[in-house]
Amino acid sequence: RLVGDELPYTCTVIIDQFETEGALRRIFASILVDRDNHKAMVLGKAGSKLKRIGTEARQDMERLFGGPVYLEVFVKVRSGWADDAGLLRTLGYD
C-alpha cells in the first residue's frame, strides 16, 4: 500500500520464519521482486520506505495477534519468479 502504482504486480511476500515465544511473535519475511530497480522502489532513499513498510506491517500484526511482534523484513530479487510454475505452487499460487 505504500508503493502504490510504482511497483509492478510481480511482488510478493514470503514468511521465511515464524516463531512464538510466549506472547511475542518473531517473524522474518522477504519481499520478493523481479528486478533490481523494483528493489530500489521498495527500499526507498536510505531504506526509509522499507522501514515504514516494516513498521506499519508490525503494527497491523500486533493488532491482529493482540501482542508484541518482532518483524524483520528483507527485499530479495529473483528474476522471473512470477513465471516459474513450481515456485508459484510453493508460494501457494495455483
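Since we're looking at a predicted model, the values are computed, not measured.

Let's talk about the overall build of the protein
Part 1 of the reasoning: Each helix and strand counted, the protein has 3 helices and 3 strands in total.
Part 2 of the reasoning: Taking the principal axes of its C-alpha atoms as reference, the protein extends roughly 40 × 35 × 20 Å.
Part 3 of the reasoning: When each of the 94 residues of the protein is scored for burial, the buried share is 27%.
Part 4 of the reasoning: Contacts spanning at least 24 positions in sequence make up 57% of the contacts within the protein whose residues lie at least 6 apart.

Topic: the pairing of strand β1 (residues 11–21)
Part 1 of the reasoning: In the sheet, β1 pairs with strand β2 (residues 24–33) via 10 bridges, with the strands oriented antiparallel. Residue pairing for β2: Phe18 is matched across the bridge by Ile27.
Part 2 of the reasoning: Linkage of β1 to β2, two consecutive antiparallel strands, is achieved through a turn of 2 residues, within which Gly22 is found at a positive phi near 65°.

Considering the nonpolar core
Nonpolar side chains in soluble globular proteins tend to end up buried together.
Part 1 of the reasoning: In this structure, Ile31, Val33, Val42, Leu50 and Val75 together form the largest nonpolar core, which totals 5 residues.
Part 2 of the reasoning: Excluding residues that lie within four positions of it along the chain, Ile31 makes contacts with Cys11, Thr12, Val13, Val42, Leu50, Ile53, Val73, Phe74, Val75 and Lys76.

Points about helix α2 (residues 48–65)
Part 1 of the reasoning: Along its 18 residues, α2 runs 26 Å from first to last C-alpha, staying within 8% of the 26 Å computed at 1.5 Å per residue.
Part 2 of the reasoning: Burial in α2 covers these residues: Leu50, Gly54, Glu56 and Met61.
Part 3 of the reasoning: On its buried side, α2 packs onto β2, α1 (36–43) and β3 (69–77).
Part 4 of the reasoning: Just beyond α2, the residue with positive phi is Gly66, at close to 70°.

Topic: the sheet that holds β2
Part 1 of the reasoning: Here 3 strands make up an open sheet; going across it, the order is β1-β2-β3 and the pairing mixed. Of all strands in the sheet, those bounded by a partner on one side alone are β1 and β3. Here the average twist between neighbouring strands, direction ignored, is 15°.
Part 2 of the reasoning: Here α1 sits on the sheet and contacts β2 and β3; the angle it forms with β3, its principal contact strand, is near 150°.
Part 3 of the reasoning: Contacting β1, β2 and β3, α2 crosses the sheet at an angle of about 140° to β3.

Some points on the side chain of Asp34
Part 1 of the reasoning: Of note, Asp34 is situated in the loop between β2 and α1.
Part 2 of the reasoning: At 4.1 Å, Arg35 is the nearest oppositely charged side chain to Asp34, a buried residue that forms no salt bridge.
Part 3 of the reasoning: Among the polar contacts made by the side chain of Asp34, one reaches the main-chain amide nitrogen of Gly80 at a distance of 2.5 Å.
Part 4 of the reasoning: For Asp34, the contacting residues outside a window of four places in its chain are Thr10, Val77, Arg78, Ser79, Gly80 and Trp81.

Thresholds applied
- Residues numbered from 1 in each chain as written.
- Predicted model: local features only at pLDDT ≥ 70, side-chain atom pairs only at ≥ 80, totals over all residues.
- Heavy atoms only, no water.
- Helix = DSSP H or I, 4+ residues; strand = E, 2+ residues; numbered from the N terminus.
- Buried < 20%, exposed > 50% of the residue type's maximum accessible area, 1.4 Å probe, protein only.
- Contact = heavy atoms within 4.5 Å.
- Pairing = 2+ DSSP bridges.
- Core = buried A, V, L, I, M, F, W, Y, C linked by side-chain atoms within 4.5 Å.
- Expected span 1.5 Å × (residues − 1).
- Axes fitted to C-alpha atoms, helices over the stretch in contact; angles between N-to-C directions.
- Lys, Arg positive; Asp, Glu negative; His and termini not counted.
- Salt bridge = Lys/Arg side-chain N within 4 Å of Asp/Glu carboxyl O.
- Polar contact = N/O pair within 3.5 Å; in protein donor to acceptor, adjacent residues only side chain to side chain.

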